[in-house]
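Chain by chain, the residues run as shown.
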Amino acid sequence: MSDLISIVVPVYNAENYIDKCGCSLIKQTYKNIEIIFINDGSNDNSLVKLQDYAKDPRVKIITKKNGGVSSARNIGIKNASGEFLIFVDADDFLTEDAIDILHSLIISKKTDLVVSGFSNFGYNITEKQTLVFPKQHMLCENELVKYITAYLGAPNRHSLFVYSWGRLFRRNVIENNNLRFSEDMKYYEDVLFNFDYLGHINSVFYINKPLYNFRHHRMMCSATTNLQGDPADSFTFIYALEKAREFLFAHGFDIFSTQLIYSKACVSYTIIQLIRLCGNLNCKRFFQIRNFIKELLNKEWLENSIDLYTASEGESKLIPKAIKNKWIDVLILVCFFRAYKRYG
């Protein structure tokens, strides 16, 4: 009998999208699947629509109090029975042969994780497909180390481990190592989970075929839109980077080299997020953002990182200098104009 594959789908107020997602899962050419919909406290008609899918015996519906995507995925992991596991967001969908292809590859390549390319659709799309590598690619231990090193050097240019969807995991790796999504993080929880998982496997196979379809919403098109709440939420990348640093330590990097790479990533991410954060500047939020930046500049991890940081060609030299010297108002002004120029 073929392996059972668990598909975990967190659902929150997705009544406008769940039909497309659900149909793509029901119609998979690989039939031995269980589809676990976690209704995360939706207050629209999502649950009503999900109940239509419950007629299929492969479908489970779990309703819980709203707790966010990480808590929903964790409930899905807890209730999964499959040999393998894949996450799908409720506003996205799979190609009908996605599970078939991913399962075939994880078996034939004797690997622990298979990642596919993905298609982009929805609002204001400029790039129809996102492919990390132009051809199928096996990343064994040495190549994983190289890729993660490259990611830490330029986080926004290496997206292989940025998402948790569109990839097939071995569930025993997740369960044997008690891997779960951090429910304290609003951002970067996927990156942290991926690096956690990578610490327990030896290889990853990438297929340059878009098997996952990722929906872009109007709100996503503004890089500053999601930074309306607590500014600290946007700087939880530090936990994911610490996990990546642990990975390099475990694979033979010396302390100084690892710290140098880690510091570059910390400062790069900090600059990216400061620019996005300052794009939210207005009279109402000015003092909240300014006070947060003042606290941020005194964080030990940032003070240590900025001392080891050297800007690459084409990168801002003024922003890291302002961080190092704690020129708060200069930093805010420069980042504000960078945000205006970049995002409008």
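See above for the structure.
So, how was this worked out
Residues numbered from 1 in each chain as written. Predicted model: local features only at pLDDT ≥ 70, side-chain atom pairs only at ≥ 80, totals over all residues. Heavy atoms only, no water. Helix = DSSP H or I, 4+ residues; strand = E, 2+ residues; numbered from the N terminus. Rg over C-alpha atoms; globule rule 2.2 N^0.38 Å. Buried < 20%, exposed > 50% of the residue type's maximum accessible area, 1.4 Å probe, protein only. Contact = heavy atoms within 4.5 Å. Areas by Shrake-Rupley, 256 points an atom, 1.4 Å probe, with all protein chains shown as cover. Arc of directions from axis to C-beta. Polar contact = N/O pair within 3.5 Å; in protein donor to acceptor, adjacent residues only side chain to side chain. Salt bridge = Lys/Arg side-chain N within 4 Å of Asp/Glu carboxyl O. Pairing = 2+ DSSP bridges. Right-handed = clockwise from strand over helix to strand, strands pointing away. Axes fitted to C-alpha atoms, helices over the stretch in contact; angles between N-to-C directions. Parallel < 35°, antiparallel > 145°, perpendicular 65-115°, else oblique. Left-handed = near helix turned anticlockwise from the far one by under 90°. Nonpolar A, V, L, I, M, F, W, Y, C, P; charged D, E, K, R; others polar. Phe/Tyr/Trp six-rings, centres within 6.5 Å; stacked < 30°, edge-to-face > 60°. Lys NZ or Arg CZ within 6 Å of the ring centre and 35° of its normal. Patch = residues over 30% accessible without salt bridge, like charges linked within 9 Å, V, L, I, M, F, W, Y side chains within 5 Å.

Student: Is there a simple way to explain the overall build of the chain in this structure?
Tutor: Assigned secondary structure in the chain consists of 13 helices and 10 strands. The C-alpha atoms of the chain give 21 Å as radius of gyration, which agrees with the globular expectation for 344 residues (20 Å, within 12%). Its C-alpha atoms put the chain at 65 × 45 × 35 Å along the principal axes. Counting only residues that meet the buried cut, the chain has 53% of its 344 residues in that class. Sequence separation of at least 24 residues holds for 79% of the intrachain contacts in the chain that already meet a minimum separation of 6. With an accessible surface of roughly 16,200 Å², the chain has 51% of that area assigned to carbon and sulfur atoms.

Student: What should I look at first to understand helix α2 (residues 46–53) in this one?
Tutor: Owing to its 3.6 residues per turn, the α-helix brings residues three or four apart onto one side. Listed in full, the buried residues belonging to α2 are Ser 46, Leu 50 and Tyr 53. Angular distribution of buried residues about the axis of α2 spans 40°; they occupy a single face of the element. Its buried side turned inward, α2 meets β1 (5–11), α1 (18–26), β2 (33–40) and β3 (59–64).

Student: Whenever I open this one, the side chain of Ser 316 confuses me. Can you help?
Tutor: Relative to the helices and strands, Ser 316 resides in the loop between α11 (300–308) and α12 (318–325). On the accessibility criterion, Ser 316 (12% relative accessible area) is buried. Within the structure, Ser 316 has its side chain in polar contact with the backbone nitrogen of Leu 318 (distance 3.4 Å). Of the polar contacts made by the side chain of Ser 316, one reaches the backbone nitrogen of Ile 319; its length is 3.1 Å. What Ser 316 contacts, discounting residues up to four positions off in sequence, is Ala 311 and Arg 338.

Student: So what exactly am I meant to see when it comes to the pattern of salt bridges here?
Tutor: Proximity of charged atoms lets side chains of opposite charge pair with each other. In the structure shown here, the tally under the stated rule is 17 salt bridges. As a salt-bridge pair, Glu 315 and Lys 264 come within 3.0 Å of each other at their nearest N and O atoms. Remark: Lys 264 occurs in helix α9 (residues 255–278) and Glu 315 occurs in the loop between α11 and α12; sequence separation between them is 51 residues.

Student: Hey, could you run me through the pairing of β1 in this one?
Tutor: Within a regular strand, side chains alternate between the sheet's two faces. With 7 of its 7 residues buried, β1 lies for the most part within the structure. Because side chains alternate across β1, one face comprises the buried residues Ile 5, Ile 7, Val 9 and Val 11, and the other comprises Ser 6, Val 8 and Pro 10, equally buried. Judged from the 7 bridges that link them, β1 and β2 form a sheet pairing that is parallel. Each bridged residue has a counterpart across the sheet, and for Val 9 the counterpart in β2 is Phe 37. Handedness of the crossover joining β1 and β2 through α1 is recorded here as right-handed. Summarising the sheet, β1 and strand β4 (residues 84–87) pair through 4 bridges and their orientation is parallel. Paired with Val 8 across the strands is Phe 87, a residue of β4.

Student: It is not clear to me how helix α3 (residues 69–79) should be interpreted in this structure. Could you clarify?
Tutor: Within α3 the residues assigned to the buried category are Ser 70, Ser 71, Ala 72, Arg 73, Asn 74, Gly 76 and Ile 77. Looking at the buried side of α3, the elements it contacts are β1, β2, β3, β4, α6 (171–176) and α7 (189–198).

Student: Any chance you could explain the packing of α11 against α12 here in plain terms?
Tutor: Closest axis-to-axis distance for the α11/α12 pair is 10 Å, and the angle between their directions is 130°. As judged from the angle between their axes, α11 and α12 are oblique. Note that α11 runs across α12; the crossing there is left-handed. Only Pro 320, Ile 323 and Lys 324 of α12 make contact with α11, whose side of the interface consists of Leu 302, Ile 306 and Asp 307. Residue composition of the contact of α11 with α12, grouped by class: 4 nonpolar, no polar and 2 charged.

Student: Explanation requested: the packing of aromatic side chains in the structure shown.
Tutor: For any pair of aromatic rings, geometry is given as the distance between the ring centres together with the angle between the planes. Scanning the entire structure with this criterion turns up 29 aromatic pairs. Taking the centre distance of 6.1 Å and the plane angle of 85° together, the rings of Phe 87 and Phe 193 count as edge-to-face. Of this pair, Phe 87 sits in strand β4 while Phe 193 sits in helix α7, and the two are 106 residues apart along the sequence. Summarising the burial analysis for this pair, Phe 87 and Phe 193 share the class buried. One aromatic cluster is present, built from ring pairs that chain together Phe 133, Tyr 147, Tyr 151, Phe 161, Tyr 188, Phe 195, Tyr 206, Phe 235, Phe 237, Tyr 269, Phe 292 and Trp 301. Stacked on the ring of Phe 87, the Lys or Arg Arg 73 has its end atom at 5.9 Å from the ring centre. The ring of Phe 181 carries Arg 73 above its face, with NZ or CZ at 5.0 Å from the centroid.

Student: How do you make sense of a nonpolar patch on the surface when you look at a structure like this?
Tutor: Residues Phe 256, Leu 260 and Leu 308 make up a contiguous nonpolar surface patch of about 260 Å² in total accessible area. Here Leu 308 is to be found in helix α11.

Student: So what exactly am I meant to see when it comes to the environment of Leu 139 here?
Tutor: The topology assignment puts Leu 139 in strand β8 (residues 137–139). Residue classification places Leu 139 among the buried residues on the basis of a relative accessible area of 1%. A C-alpha to C-alpha distance of 24 Å links Leu 139 and Ser 6, two positions 133 residues apart in sequence.

Limitation: the analysis is restricted to geometry and does not speak to function.
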